[in-house]
Amino acid sequence: MDDRIAIRRALVSVYDKTGLVELGQILSSHGVDIVSTGSTAALLAQAGVPVTPVEEVTGFPECLDGRVKTLHPRIHAGILADRRLPSHVAQLTDMDIAPFDLVVSNLYPFTDTVASGADVDVCVEQIDIGGPSMVRAAAKNHPSVAVVTSPTQYAWLIEAVNAGGFTLAERQQLAAQAFIHTAAYDVAVATWMTEVFSGQQSGEGEPRPAALPGWIGQTYTLSHSLRYGENSHQAAALYVAGTVQGQGSLSAADHGIENSVPGEAATSTAALGSGLAGAVQWGGKEMSYNNYTDTEAAYRACHDFAGPTVAIIKHANPCGIAIGSTIAEAHRKAHACDSLSAYGGVVAANREVSKEMALGLKGIFTEVIIAPSYEPEALAVLQKKKNLRILQAGGYVAPVRETKAISGGLLVQEPDRVDAPGDDPANWELKAGPGVDETALRDLAFAWRAVRAVKSNAILLAHDEASVGVGMGQVNRVDSCRLAVERAGDRATGSVAASDAFFPFADGPQILFDAGVIAIVEPGGSIHDEDTITACQQAGVSLYFTGTRHFFH
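Residues numbered from 1 in each chain as written. Predicted model: local features only at pLDDT ≥ 70, side-chain atom pairs only at ≥ 80, totals over all residues. Heavy atoms only, no water.

A.B. asks: Got a sec to walk through the overall build of the chain? Specific residues and values, please.
C.D. replies: Scanning the chain for helices and strands turns up 19 helices and 21 strands. For the chain, the C-alpha radius of gyration of 30 Å lies well beyond 24 Å, the compact-globule estimate for 553 residues. Counting only C-alpha atoms, the chain reaches 100 × 60 × 40 Å along its principal axes. In the chain, which comprises 553 residues, the proportion classed as buried is 48%. Relative to all contacts within the chain whose residues are 6 or more apart in sequence, the contacts with residues 24 or more apart total 56%. With the model as given, the accessible surface of the chain reaches about 25600 Å², and the carbon-plus-sulfur share is 53%. Across the chain, the 39 positively charged side chains and the 61 negatively charged ones have centroids separated by 6 Å. (Helix = DSSP H or I, 4+ residues; strand = E, 2+ residues; numbered from the N terminus. Rg over C-alpha atoms; globule rule 2.2 N^0.38 Å. Buried < 20%, exposed > 50% of the residue type's maximum accessible area, 1.4 Å probe, protein only. Contact = heavy atoms within 4.5 Å. Areas by Shrake-Rupley, 256 points an atom, 1.4 Å probe, with all protein chains shown as cover. Lys, Arg positive; Asp, Glu negative; His and termini not counted. Charge placed at Lys NZ, Arg CZ, Asp CG, Glu CD.)

Quick look at the structure:
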């Protein structure tokens, strides 16, 4: 049994008129009766396409500045009649209403209007009512009606017209896409109204940060499947925020960039998408789930610094972070922190990758490198490493909020940033020992920013604006101190230390004193702070309190 439904009558009402005239001409050439509204009807008529204005069908003029056009039984009965039911067909006949086989509609540009900075009244006018009503009605009645919501679907529509109509399976796919279209639209409107009209108050009238609205809605669209998830037996995929037209891997070619000519394209960010999810890949294997999580951590870490910085990450923890006079020097210093662990790591740079840095990576097995751009000669060197994933992305932009799914719910928080008063060394409180000189203070400031990239409990030793020993992810701070000192070796002597949270006892600092650490920065706030202060004073080690914590779980 052929379940195609021939397209004899279509309702066409679109804001985005891309390809409209060509579509109208093709539908008309196949004998399709087109009913249309407002500017859509005018454009079709101007192009010589036969079109029936919607008011001729309803017997009622468009009114209220176009707010009411298609909201009429003679339109919606024609869309919603289930022609599998004889009673519905009989009622259409009794009411002299012709059914629609096709609805073509896309919605007012609400999100673009909001993004333009338009005032509230203008934004409200761009909340479509008739369009979503038609789209949802047609999608619900997909056994009888096909619905097309994007000009990117017109080629498919034309194929269907030539084939005698859409099949039921095709109408089902179109219906699903239509509900995605209206769902994303509704989320955008609801999110905007929540932000604009709520006054940022909680249900109890308590002040609430802007990043924590009273309601959260977000839609995501599949970009592409990943090789596998955190482990090889777990399926995984990358989704991007919002509803996008078209899908596929985010390769250089997808962004209109030719791999064969890496020069200008490699130094331009104009074609880049948003964040890591929109990065251009210039070479190497497909990205895996773990590649993405490590790359996100690395890119965030290196963009915490203004100077040329490189971060090397392995399993979401840094093998090394360093600032250099050049990006190549920054890489050398970062790699020297823990060259053993850097094997198979992710390298992130906050500057264009130079040929010198690329040559420094030549003999090091690296999973991913990410940077805002690459010198053509650097890209040529890196592309010779066939398995190295080479990503180009714009500067790191922290998300508005961070989410984590838990059983039965979602945890939401503002992202951690290094912009609190306690993150400025000028606001630190010297609690023990002599004040350090400018060089040591610069290293302490570096260590304090770098330690937030380390999983808690975190201790980071630094010298010459480079990490020299990292203790991470331990269940007590003493073990983190031991690990940082062990990895630093002789480099611990004369270094400074940062702790992401307070020392509960003086035993952790004692390990640092014994290794030759000359200064420590930590948040303070323990009930045993005085023990730590006394120990530092007796050891002649400078101790600074920030009053700010940077746990990273």
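A.B. asks: If you had to explain the state of the cysteines to someone new, which residues and values would you point to?
C.D. replies: In a disulfide, the sulfur atoms of two cysteines are held together by a covalent bond. Counted according to the given criterion, the structure contains 0 disulfides. No disulfide involves Cys-319; its nearest neighbouring cysteine sulfur is the one of Cys-337, lying 7.9 Å away. On the basis of relative accessibility, which here comes to 5%, the residue Cys-319 falls in the buried class. (Disulfide = S-S within 2.5 Å.)

A.B. asks: Would you mind going over the sheet that holds strand S3 (residues 52-53) in detail, with residue names and values included?
C.D. replies: Ordered by their spatial adjacency, 5 strands build an open sheet running S3-S2-S1-S4-S5, and the pairing between neighbours is parallel. Looking at strand neighbours, the two that pair on one side only are S3 and strand S5 (146-148), the edges of this open sheet. Note: strand S1 (residues 9-14) against strand S2 (residues 33-36), 4 bridges, orientation parallel. By the bridge assignment for S2, Val-12 is matched with Ser-36. Across the face of the sheet, helix H1 (residues 20-29) comes into contact with S1, S2 and strand S4 (102-106) while running at roughly 145° to S2. Where helix H8 (residues 130-140) meets the sheet, it contacts S1, S4 and S5, and its direction lies at approximately 140° from that of S4. (Pairing = 2+ DSSP bridges. Axes fitted to C-alpha atoms, helices over the stretch in contact; angles between N-to-C directions.)

A.B. asks: Quick one: what's the story with the sheet that holds strand S17 (residues 459-462), residue by residue and with numbers?
C.D. replies: Spatially, S16-S21-S20-S19-S17-S18 is the arrangement adopted by the 6 strands of the open sheet, whose pairing is mixed. Either end of the sheet is taken by a strand with one partner, and the two such strands are strand S16 (429-432) and strand S18 (467-471). Looking at each pair of strands side by side, their axes are set apart by 20° on average, direction ignored. The sheet contact formed by S17 and strand S19 (residues 496-499) spans 4 bridges and is antiparallel. Note on S19: the bridge partner recorded for Leu-461 is Ala-497. On top of the sheet, helix H16 (residues 438-451) reaches S17, S18, S19, strand S20 (519-522) and strand S21 (542-545); it is set at about 30° to S19, its chief contact. Against the sheet, helix H17 (residues 477-488) contacts S17, S18 and S19, and its axis sits at roughly 145° relative to S18.

A.B. asks: Let's hear about the packing of H17 against helix H18 (residues 507-515): which residues, and what values?
C.D. replies: In contact at an axis separation of 8 Å, H17 and H18 are set at 15° when each is read in the N-to-C sense. As judged from the angle between their axes, H17 and H18 are roughly parallel. Considering how the two elements wind past one another, H17 and H18 form a crossing that is right-handed. Here Val-478, Cys-481, Arg-482 and Val-485 of H17 lie close against H18, whose contacting residues are Asp-507, Gly-508, Ile-511, Leu-512 and Ala-515. (Parallel < 35°, antiparallel > 145°, perpendicular 65-115°, else oblique. Left-handed = near helix turned anticlockwise from the far one by under 90°.)

A.B. asks: Please set out the nonpolar core residue by residue, giving values where relevant.
C.D. replies: Counting 44 residues, the largest nonpolar core has Ile-321, Ile-370, Leu-391, Leu-444, Phe-446, Leu-460 and Val-521 as the members making the most contacts within it. Setting aside its immediate chain neighbours within four residues, Ile-370 contacts Leu-276, Thr-295, Tyr-299, Val-347, Ala-348, Ala-349, Leu-391 and Ala-393. (Core = buried A, V, L, I, M, F, W, Y, C linked by side-chain atoms within 4.5 Å.)

A.B. asks: Describe the pattern of salt bridges, with residues and values.
C.D. replies: Close approach of charged atoms allows side chains with opposite charge to pair. Scanning all chains against the criterion turns up 14 salt bridges. We note a salt bridge from Glu-170 to Arg-4, for which the minimum N-O separation is 4.0 Å. In this pair, Glu-170 sits in helix H10 (residues 168-197) while Arg-4 sits in the segment before S1, placing the two residues 166 residues apart along the sequence. Owing to a relative accessible area of 19%, Glu-170 belongs among the buried residues under this scheme. Classification of Arg-4 as partly exposed rests on a relative accessible area of 30%. Here Asp-33 ties to Arg-9 by a salt bridge, and the two come within 3.8 Å at their closest N and O atoms. Linking Asp-33 in strand S2 with Arg-9 in strand S1, this pair joins segments that are 24 residues apart in sequence. Members of the salt-bridge network, linked through shared partners, are Asp-304, Asp-416 and Arg-452. (Salt bridge = Lys/Arg side-chain N within 4 Å of Asp/Glu carboxyl O.)

A.B. asks: Residues and numbers for the pairing of S19, please.
C.D. replies: Burial along S19 is two-sided: the face carrying Val-496 and Ala-498 and the face carrying Ala-497 and Ser-499 are both buried. Remark: the S19/H18/S20 crossover connection has right-handed handedness. (Right-handed = clockwise from strand over helix to strand, strands pointing away.)

A.B. asks: Break down the environment of Asp-419 for me, with residues and values.
C.D. replies: Mapping Asp-419 onto the fold places it in the loop between strand S15 (409-413) and S16. Distance from Asp-419 to Glu-286, taken between C-alpha atoms, is 35 Å for residues 133 residues apart in sequence.

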